[in-house]
Amino acid sequence: MPGDWASPYSDDATIEDDDVLYRRIKLPDWVRSNELGSGGRPQIRSIAFQDFTDAMASKWGLPAPAMSVGLGSVITANGRDASVMIEHHEGYGVASLRARDVRQFDQGIQRYPTDSEPWHAIVFCLNRKSKNDPMKDRLAERAVWVIPPPQ
Amino acid sequence: MVKHPPDWDSYGGLPANPDVGSVVNMFLTGVARNTALREPMVDGLTDGGIQLEWYRAHRHLVVSFRPDLSITAYLYDSETGEEWAGSLPDDIAAVTARIAQTAL
């Protein structure tokens, strides 16, 4: 029950509202190829913003579901750009959100660096266990292509 | 989707649960019996569920089938701001009405 959920996560205030969060987008599955948004690019679907499962969270050593992203400021500090998100991942594009976009919908962000991805971070719900359909819809509305599908 | 390899979405996604696939088939067969549905977008969910999705102008309808065999529906109209959520079987009449408004 959303109202009963006590999140084990807390938002990392050192991640600024303007910080960019990058998300891999599976192509063509997670886009509406026949509906073009701004810039003539296909609209990103809400399904691209799912939390991973309890099992996957546990495997990663996380206490609850969350969604993986790449933290733009750390990627830049490492001398890389958004393309690092899809290195070794064929058939994906990259979209971006601002930290404020996710915070606006009761989400928090924490750094969760790995050996191979020091920029890795997670986005999680503060008031329910995992993202519901409205949250995913709103994130999809705000997502902006950084590496769009090839035309 | 049942044959998806583990991590098919690069985020640890599970292949669709075959039982969920059966429920989706029954749902579509039942709903389509009396109505000419447009073909939905059908996707695997990361937890092994399956999602059906229809768009019509500004309306967006999602019906999600979870591995525990629960079914939820969500409608959003980005023009009017109308938002509705329900579950099956409790809200079957309301879900059917939303499907009629969005998926025909």
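Small disclaimer: the values here were computed from a predicted structure and weren't measured.

Draft legend 1. Broad picture of the overall build of chain A. Of regular secondary structure, chain A possesses 4 helices and 8 strands. In chain A, the succession of α and β elements from N to C terminus is β-β-β-α-β-α-β-α-β-β-α-β. Relative to the compact-globule value of 15 Å for 151 residues, chain A shows a C-alpha radius of gyration of 15 Å, a close match. Dimensions of chain A, computed from the C-alpha atoms along their principal axes, are close to 45 × 35 × 30 Å. Within chain A, the proportion of its 151 residues that are buried is 38%. Taking all contacts inside chain A whose residues are at least 6 apart in sequence as the whole, residues at least 24 apart take part in 71%.

Draft legend 2. Broad picture of the sheet that holds strand 4 (residues 67-71) of chain A. Residue and element names in this part refer to chain A. Strands sit in the order 6-7-4-1-5-8 across an open sheet of 6 strands; the sheet is antiparallel. Of all strands in the sheet, those with a lone pairing partner are strand 6 (107-111) and strand 8 (144-147), marking the two edges. Taking each pair of neighbouring strands and ignoring which way they run, the sheet shows an average axis angle of 40°.

Draft legend 3. Summary view of the environment of glycine 37 of chain A. All names here are of chain A. Relative to the elements of secondary structure, glycine 37 occurs in the loop between strand 2 (31-36) and strand 3 (42-44). A residue is classified by how many C-beta atoms lie within 10 Å of it, and glycine 37, with 15 of them, is partly exposed. A C-alpha to C-alpha distance of 9.7 Å links glycine 37 and valine 144, two positions 107 residues apart in sequence.

Draft legend 4. Unusual backbone geometry, seen in detail. Residue proline 28 of chain A follows leucine 27 of chain A across a cis peptide bond; omega there is 0°. Within the fold, proline 28 of chain A resides in the loop between strand 1 (20-26) and strand 2. Of note, aspartate 106 of chain A is a non-glycine position whose phi angle comes to about 60°, a positive value. Mapping aspartate 106 of chain A onto the fold places it in the loop between helix 3 (99-103) and strand 6. Classification of aspartate 106 of chain A by C-beta neighbours within 10 Å gives partly exposed; the count is 15. Even without being glycine, leucine 69 of chain B reaches a positive phi, approximately 70°. As for its position among the elements, leucine 69 of chain B is in the loop between strand 3 (59-65) and strand 4 (71-77).

Draft legend 5. Structural view of the sheet that holds strand 1 (residues 41-44) of chain B. The antiparallel open sheet is built from 5 strands, whose spatial order is 1-2-3-4-5 (chain B). The open sheet has two edge strands with one neighbour each: strand 1 and strand 5 (83-88) of chain B. Ignoring which end each strand starts from, the neighbouring axes of this sheet average 15° apart. With 4 bridges connecting them, strand 1 of chain B and strand 2 (residues 50-56) of chain B associate as antiparallel partners. Its bridge partner being in strand 2 of chain B, valine 42 of chain B is matched across the sheet by leucine 52 of chain B. Its contacts with the sheet put helix 4 (residues 133-142) of chain A on strand 3, strand 4 and strand 5 of chain B, and the angle it makes with strand 4 of chain B is roughly 40°.

Draft legend 6. Local environment of the interface of chain A and chain B. Contacts between the two partners involve 15 residues from chain A, matched on the other side by 17 residues from chain B. Where the side of chain A that touches chain B is concerned, the elements lending two or more residues are strand 1 and helix 4 of chain A. At 3 residues, the largest contribution of residues to the side of chain A that touches chain B is made by helix 4 of chain A. Each residue belonging to the side of chain A that touches chain B can be placed in one class, and the counts come to 5 nonpolar, 4 polar and 6 charged.

Conventions adopted
- Residues numbered from 1 in each chain as written.
- Chains lettered and ligands numbered in written order.
- Predicted model: local features only at pLDDT ≥ 70, side-chain atom pairs only at ≥ 80, totals over all residues.
- Helix = DSSP H or I, 4+ residues; strand = E, 2+ residues; numbered from the N terminus.
- Rg over C-alpha atoms; globule rule 2.2 N^0.38 Å.
- Buried ≥ 20, exposed ≤ 12 C-beta atoms within 10 Å, placed from the backbone.
- Contact = placed C-beta atoms within 7 Å.
- Pairing = 2+ DSSP bridges.
- Axes fitted to C-alpha atoms, helices over the stretch in contact; angles between N-to-C directions.
- Nonpolar A, V, L, I, M, F, W, Y, C, P; charged D, E, K, R; others polar.

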